[in-house]
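These are the residues of each chain, in order.
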Amino acid sequence: MVDFFEHRRPSKARLAVLLSGRGSNFQAIVRAIDQGAIWAEIAVVISNREQALGLEFARQRGMNAHFVPVAGRTREAYDAELATLLEAANADLICLAGYMRLLTPDFVRRFPNKILNIHPSLLPAFPGLDAQQQAWDYGVQYTGCTVHFVDESLDGGPIVMQAIVEVKPGEDAHSLADHILEQEHRIYPQAVERLLTVPWRFEGRRLIWGEIAATKPEQS
Ligand code: GRF
């Protein structure tokens with residue numbers, strides 16, 4: 001039996017965020033930190049797009065934020081640079097938040113059980129791009145979102161947390177995407193907080209949460 005991973009620590013956890021766009025999930029995580037719901041700090045934010053709103057937000061907040069341009073580099077060289085920045089930032093968890101690039105197998109292997117992603121469907125249904133539109137086109141009555149660990153497959157790593165969204169009458173793919181996004185903003189910070197505070201382990205692909213050890217009452 002594998003021991004539980006325990007992330008409880010005497011100091012704040014260090015979160016890294018990779019993004020490519022508006023960064024609303026990143027902002028939801030920052031809000032949770034600001035509100036004291038996650039005991040963590042943003043150690044580094046990296047974007048592959050210079051114009052990403054999420055990068056602008058990070059810079060406005062004075063965070064350690066980097067634009068790493070893609071042009072003229074192999075995928076391997078690019079990811080090696082990301083890995084160097086992440087290792088320098090000493091990140092405990094790496095949160096993909098609308099990061100629109102596939103990570104190389106070498107990169108994924110370098111950070112085992114540390115990379116998280118949020119995907120706008122109930123995986124394993126509708127992996128890949130435009131998951132909300134895919135679900136809408138398929139005619140499902142329920143969809144949702146999934147926080148999962150990143151492995152070498154596309155949106156296929158072990159599931160950490162999911163939320164269900166009902167497709168209501170009169171809904172279109174855009175309103176559905178908005179309703180899913182609300183749930184993303186709720187469960188991504190929750191999943192991060194849980195992984196940082198509750199012991200866990202895998203049984204195969206299944207993530208098993210452990211008990212938080214009772215603290216010993218102080219002697220009077
Ligand atoms: C979200 O829908 C997320 O599920 C997907 O990319 C989108 C990112 O949105 N991976 P934002 O940049 O966090 O606003």
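Everything below is about the structure shown above.
Reference entry: report on the structure contained in this document. (Residues numbered from 1 in each chain as written. Predicted model: local features only at pLDDT ≥ 70, side-chain atom pairs only at ≥ 80, totals over all residues. Heavy atoms only, no water.)

## Here's the deal with helix H1 (residues 24–34)
Consideration 1: Across the eleven residues that make up H1, a large majority, eight, are buried.
Consideration 2: Listing the buried residues of H1 in full gives Ser-24, Asn-25, Phe-26, Ala-28, Ile-29, Val-30, Ala-32 and Ile-33.
Consideration 3: Contacts made by the buried residues of H1 are with strand E1 (13–19), strand E2 (40–47), helix H2 (53–60), strand E4 (93–96), strand E5 (115–119) and helix H6 (173–197).
Consideration 4: Positive backbone phi, approximately 85°, marks Gly-36, located one or two places after H1. (Buried < 20%, exposed > 50% of the residue type's maximum accessible area, 1.4 Å probe, protein only. Helix = DSSP H or I, 4+ residues; strand = E, 2+ residues; numbered from the N terminus. Contact = heavy atoms within 4.5 Å.)

## What about the sheet that holds strand E3 (residues 65–67)?
Consideration 1: Here seven strands make up an open sheet; going across it, the order is E3-E2-E1-E4-E5-E6-E7 and the pairing mixed. Every interior strand has two partners, whereas the edge strands, E3 and strand E7 (159–166), have only one. Averaged over all neighbouring strand pairs, the angle between strand axes comes to 20°, with direction disregarded.
Consideration 2: The pairing of E5 with strand E6 (residues 142–149) spans four bridges and is antiparallel. Counterpart to Asn-117 in the pairing with E6 is His-148.
Consideration 3: Its contacts with the sheet put H2 on E1, E2 and E3, and the angle it makes with E3 is roughly 145°. (Pairing = 2+ DSSP bridges. Axes fitted to C-alpha atoms, helices over the stretch in contact; angles between N-to-C directions.)

## Let's talk about unusual backbone geometry
Consideration 1: Note that the residue after Leu-123, namely Pro-124, is joined by a cis bond; omega there is 15°.
Consideration 2: Assignment of secondary structure puts Pro-124 in the loop between E5 and helix H5 (131–138).
Consideration 3: Of note, the phi angle at Asn-90 is positive, near 55°, even though the residue is not glycine.
Consideration 4: Here the phi dihedral of Asn-113 falls at roughly 60°; this positive angle occurs in a residue that is not glycine.

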